Amino acid sequence: MKTVLVKEELEFLDEEMRRLFLSYFHKNLEDSIKDWSGKGRFKNEEPEVHSLDHFVSTNKITLRLPEGIEVPLTFTINWFKGSLLDIEVFADLDKAYWNLLIEFLRKAVSKSFAMLAAQKEEKYFFRVYFRYFGHPLDGAYYIANFRVSPATEEESIFLLGENYMYLDMEVEGIDHSHAHSRSQVLGNEITAILSVILNTGFYKHEHEQRWVRLSATEHGRFHIGFRDNEPRPESMPPKDRKKAGTFSENPKEYIEYTGEQQTLRLPKAIRKLFRAYYSLPADEQEAFVNASRMYQISLTAGRNSNTVRASYQLAALDALSKPYRENGKNKSAIMALTDKYYLEGQGKKIGELYDSVRSAHFHQGYFDASDISRLEIRPFLGPEWLMQELNYLFHNNVVFIILNKWLYEKIEPEALS
């Protein structure tokens, strides 16, 4: 037997509310689900037209009803242009069992809509690992609704030393799955901003195998990973002065940070910076987090390519400039940001790099000579291999300074005192 379980009720809900309904519906069925499998496909009503508008997901689920009966059934969910259209249910049952199933499901649907109206959520704790190249964090830092702390505490002796960081979060959600999804979004947002503040590219663990040299004569292919000897907490760890990280005292000195310290220390104003970020108007908040993501990519994907690193740093300024553009003049807005937050008169230089590096790389496949030429080791070398244009950007930390000074300016005056 088959019936449409939900359709008309969705007509007055926007796309986000329809997705939330599905999360509440799952929450109300979760304890009764014994096992499930799912798949999806795009459905083309016209065989000759390859449209991506109509998506159909099929979930085969075994439900355990209150009467103790286990029922295998199939949910078919139709989406149109990303918006939920309806939910159909099918089960090969006789009429008596079918009626029991439908009554159970309709109660779950009604309860889900009631919970949707109340927007009831619960708080969940998550710990996520992030990797980066650089010194370990100086200690644990509690910032807003999250905590960062070192997972690896050994001092990085080598220039290419990799470290791990814990990111602990308390996130509200409809159920664990919904809250976990939100934690992934929040974690990516936080680490993008921290990449700017600490001038360090944070990235997630990759599930892959690489060749590792174990000694002068031994090597092998191993799964990349980190074994954590610390028990995984189930709630936010309590504050411990012995594990607390110290702060960089002077924000201006921190912005000019040269990397000489042996641990990563957050600036004293770190909480104020995040409060300022969360208090920004929507357009400025979007511009800054997008700029932070581009800067993060410049430090991670661009670690082995000067062209990529420079292009994404210039693209970060492009993202930050969006609320200030007049008549779509991107470069003019970037030059103005440079003159204001870096050094008066230097906007023209950044404008030239915007054309000669960023635009040339993205639109013409340009690569700096340092990425494609061999370094000839011999006496009497000239300056041609010193990537002079890009050195101006990197050695002066131009984009790093602009992004940080921009965010510092957003701190409320009374918060600075």
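About the cut-offs
- Residues numbered from 1 in each chain as written.
- Predicted model: local features only at pLDDT ≥ 70, side-chain atom pairs only at ≥ 80, totals over all residues.
- Heavy atoms only, no water.
- Pairing = 2+ DSSP bridges.
- Helix = DSSP H or I, 4+ residues; strand = E, 2+ residues; numbered from the N terminus.
- Axes fitted to C-alpha atoms, helices over the stretch in contact; angles between N-to-C directions.
- Contact = heavy atoms within 4.5 Å.
- Core = buried A, V, L, I, M, F, W, Y, C linked by side-chain atoms within 4.5 Å.
- Buried < 20%, exposed > 50% of the residue type's maximum accessible area, 1.4 Å probe, protein only.
- Parallel < 35°, antiparallel > 145°, perpendicular 65-115°, else oblique.
- Nonpolar A, V, L, I, M, F, W, Y, C, P; charged D, E, K, R; others polar.
- Patch = residues over 30% accessible without salt bridge, like charges linked within 9 Å, V, L, I, M, F, W, Y side chains within 5 Å.
- Areas by Shrake-Rupley, 256 points an atom, 1.4 Å probe, with all protein chains shown as cover.
- Salt bridge = Lys/Arg side-chain N within 4 Å of Asp/Glu carboxyl O.

## Points about the sheet that holds strand S1 (residues 2-6)
Spatially, S1-S5-S4-S3-S2 is the arrangement adopted by the five strands of the open sheet, whose pairing is antiparallel. Because the sheet does not close on itself, it has two edges, and the strands there are S1 and strand S2 (33-42). Taken pair by pair, the neighbouring strands of this sheet meet at an average axis angle of 25 degrees, ignoring direction. In the sheet, strand S4 (residues 70-80) pairs with strand S5 (residues 83-90) via seven bridges, with the strands oriented antiparallel. Counted as the bridge partner of Ile-77 is Ile-87 from S5. Lying over the sheet, helix H1 (residues 15-29) contacts S1, S2, strand S3 (54-64), S4 and S5, oriented at roughly 30 degrees with respect to S5.

## A word on the nonpolar core
Counting residues in hydrophobic clusters, the biggest one holds 64 residues, and the most contacted among them are Val-148, Met-169, Phe-274, Phe-288, Ile-350 and Leu-393. At nine residues, helix H12 (residues 398-409) tops the list of elements feeding residues into this core. Ignoring sequence-local partners within four residues, the contact set of Val-148 consists of Leu-137, Gly-139, Ala-140, Tyr-141, Ile-143, Met-165, Tyr-166, Leu-167 and Leu-194. Leu-22, Ile-61, Val-89 and Leu-116 belong to the second largest nonpolar core, which has 35 residues in total.

## Concerning the side chain of Ser-112
Position of Ser-112 relative to the elements: it lies in helix H2 (residues 95-118). Overall, the relative accessible area of 0% leaves Ser-112 in the buried class. Not counting residues up to four positions away in its chain, the partners in contact with Ser-112 are Phe-21, Tyr-24, Phe-25 and Asn-28.

## Observations concerning the sheet that holds strand S9 (residues 162-173)
Adjacent strands of a sheet pair through backbone hydrogen bonds, lying either parallel or antiparallel. Read from one edge of the open sheet, four strands run S6-S9-S8-S7, paired in antiparallel fashion. Single-partner strands in this sheet number two, and they are strand S6 (122-133) and strand S7 (141-143). The mean inter-strand angle of the sheet, taken between neighbouring strand axes irrespective of direction, is 20 degrees. Taken together, the five bridges between strand S8 (residues 146-150) and S9 define a ladder with antiparallel strand orientation. Among the inter-strand pairings, Val-148 is bridged to a residue of S9, identified as Leu-167.

## Brief notes about the packing of helix H8 (residues 330-341) against H12
Put simply, H8 and H12 touch, their axes get as near as 9 Å, and they point 75 degrees apart. Classed by the angle they form, the pair H8 and H12 counts as roughly perpendicular. Across the interface between the two elements, Leu-337, Thr-338, Lys-340 and Tyr-341 of H8 pack against Ile-401, Ile-402, Lys-405, Trp-406 and Glu-409 of H12. Taken together, the residues that form the contact of H8 with H12 break down as five nonpolar, one polar and three charged.

## Remarks on the side chain of Gln-296
On the secondary structure map, Gln-296 appears in helix H6 (residues 282-300). Sequence-distant contacts of Gln-296, defined by excluding residues within four places in its chain, comprise Thr-191, Ala-192, Ser-195 and Phe-202.

## A few points about a nonpolar patch on the surface
Taken together, Val-212, Leu-214 and Phe-222 make up a surface patch of nonpolar side chains, about 250 Å² in accessible area. With respect to the helices and strands, the residue Leu-214 is situated in the loop between strand S10 (209-213) and strand S11 (219-223).

## Overview of the environment of Phe-202
Turning to its location among the elements, Phe-202 is positioned in the loop between helix H3 (176-197) and S10. Spatially, the C-alpha atom of Phe-202 lies 7.1 Å from that of Gln-296, the residues being 94 residues apart in sequence. Those residues in contact with Phe-202 that lie beyond four places of it in its chain are Arg-131, Tyr-132, Met-165, Thr-191, Leu-194, Ser-195, Gln-296 and Thr-300.

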